[in-house]
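# Observations on chain architecture
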Amino acid sequence: MKRSDSSNPTNIIYIGKNSAETLGLKSFCGVDEHLHPFWELVVYYEGSGTGYVGDVSYTFSPGTAVAIPPNRLHHERSDASYCDYHIYFPALYSGLDVLVAHDQSGNLIRLAQTLHGVFSEKKHNYISLSNSIAFTIFEYIKSLGTETGMSQHTRYFTQLIRENLENQSFEIAQEAQQYGITMHHLRYCFDKDIGKTPLEYLTELRMERARQLIISGSERIKDVATRCGYTDSYYFSRCFKKYYGVSPDAFRSSLTTRG
């Protein structure tokens, strides 16, 4: 990763652009879970999908921006290719949670595009110019954004679901009853906040975990299924194929072929 001169803590650290073209890919559909010791500002300008910051989920489309605090695990996923600008920013702000903004005017996209151009060209006083534009983007996101932007019910259950991905006896309906909320209202909250049903959210996280386990290890598919909360490996394989369009075994074989 290229870096600017970071001896001055007021300098932005880096700004880049994620797209299929810049990354040399046929499509760009997501970023695996990671964290940084600094703020990250993400401005989406093409495509749509879902982002995750800890227990916070948000949907993104062109004009959406998110400010991610330091040392917070986060990742993104899209069913199709998408593009964004990402700005790594010094940890000068405290007391703020995740900020999600939706700007229909196009101003955030234009600001991020300008910042990327200035930072990439590296002409004249580009560091101070980049710094000024980055601060403007941060303040703009703060002015438009809402912290987390989720109802307390969605927040509670997204966290509960993430904590129970391996739990084979986990039942959302049973947890909802104990919590004191109807499934109808819980589905309404999820749809309003993250555009998915609770079951779709659970399935998405389990499928993503399964994909990562297959990529990173040599565990048997049966063991992968167990670590993703499935008691029946055959049912897990059917779910995986329905979600990704290929069976777990075929997906693993394709990785070997690529290598």
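Before reading on, note that the structure itself is shown above.
Described in the following lines is the structure provided in the data block. (Residues numbered from 1 in each chain as written. Predicted model: local features only at pLDDT ≥ 70, side-chain atom pairs only at ≥ 80, totals over all residues. Heavy atoms only, no water.)

### Comments concerning empty space enclosed by the protein
The condition is simple: Cavities and pockets were defined on a 1 Å grid built from protein atoms only: a cavity is a group of points that admits a 1.4 Å probe but offers it no way out, a pocket is an open group of points flanked by protein on both sides within 12 Å along at least five of seven lines, and a lining residue is one with an atom within 4 Å of any such point. Grid points are joined across faces, edges and corners, and a volume is the space filled by probe spheres set on the points. Strands are runs of DSSP state E lasting at least two residues, helices are runs of H or I lasting at least four, and both sets are numbered from the N terminus onward. Amino acids outside the nonpolar list (Ala, Val, Leu, Ile, Met, Phe, Trp, Tyr, Cys, Pro) and the charged list (Asp, Glu, Lys, Arg) are all regarded as polar, and Gly is one of them.
For the structure on display, the rule yields one cavity of 30 Å³ or more. Volume-wise, the largest cavity comes out at about 30 Å³. Among the secondary structure elements, those contributing two or more residues to the lining of the largest cavity are β7 (74–77) and α7 (198–216). Per element, the largest residue contribution to the lining of the largest cavity is three residues, and it comes from α7. Considered class by class, the residues forming the lining of the largest cavity number two nonpolar, one polar and three charged.

### As for the sheet that holds strand β2 (residues 30–34)
Sheets are built from strands paired through backbone hydrogen bonds, the pairs being either parallel or antiparallel. What counts is decided by this rule: Pairing between strands requires that DSSP locate at least two bridges from one strand to the other. Every axis corresponds to a line fitted to the C-alpha atoms, with the helix fit spanning only the stretch in contact, and the corresponding angles, defined between N-to-C directions, vary from 0 to 180 degrees.
One open sheet accounts for four strands, arranged β2-β7-β4-β5; its pairing is antiparallel. Each of the sheet's edge strands pairs with one partner strand only, and the pair in question is β2 and β5 (56–60). Put simply, the sheet's adjacent strands are angled 20° from each other on average, direction ignored. Bridge analysis of strand β4 (residues 49–53) against β7 gives four bridges, and the strand direction is antiparallel.

### Points about the environment of V53
In plain terms, the rule: Two residues form a contact once any of their heavy atoms are found within 4.5 Å.
Positionally, V53 belongs in strand β4. Distance in space between the C-alpha atoms of V53 and L73 is 5.8 Å, their sequence separation being 20 residues. Those residues in contact with V53 that sit more than four places away from it in its chain are Y58, I68, R72, L73, H74 and V98.

### Observations concerning the layout of surface pockets
The gaps of empty space that remain are located by a probe, the size of a water molecule, rolled over the atoms. Here the largest pocket defines a volume of roughly 830 Å³. L199, E200, L202, T203 and Y230 are the residues nearest the centre of the largest pocket, which is lined by 32 residues in total. Contributing elements (two or more residues each) for the lining of the largest pocket: β4, α5 (172–179), α7 and α9 (233–244). Ranked by the residues each element gives to the lining of the largest pocket, the list is headed by α7, at seven residues.

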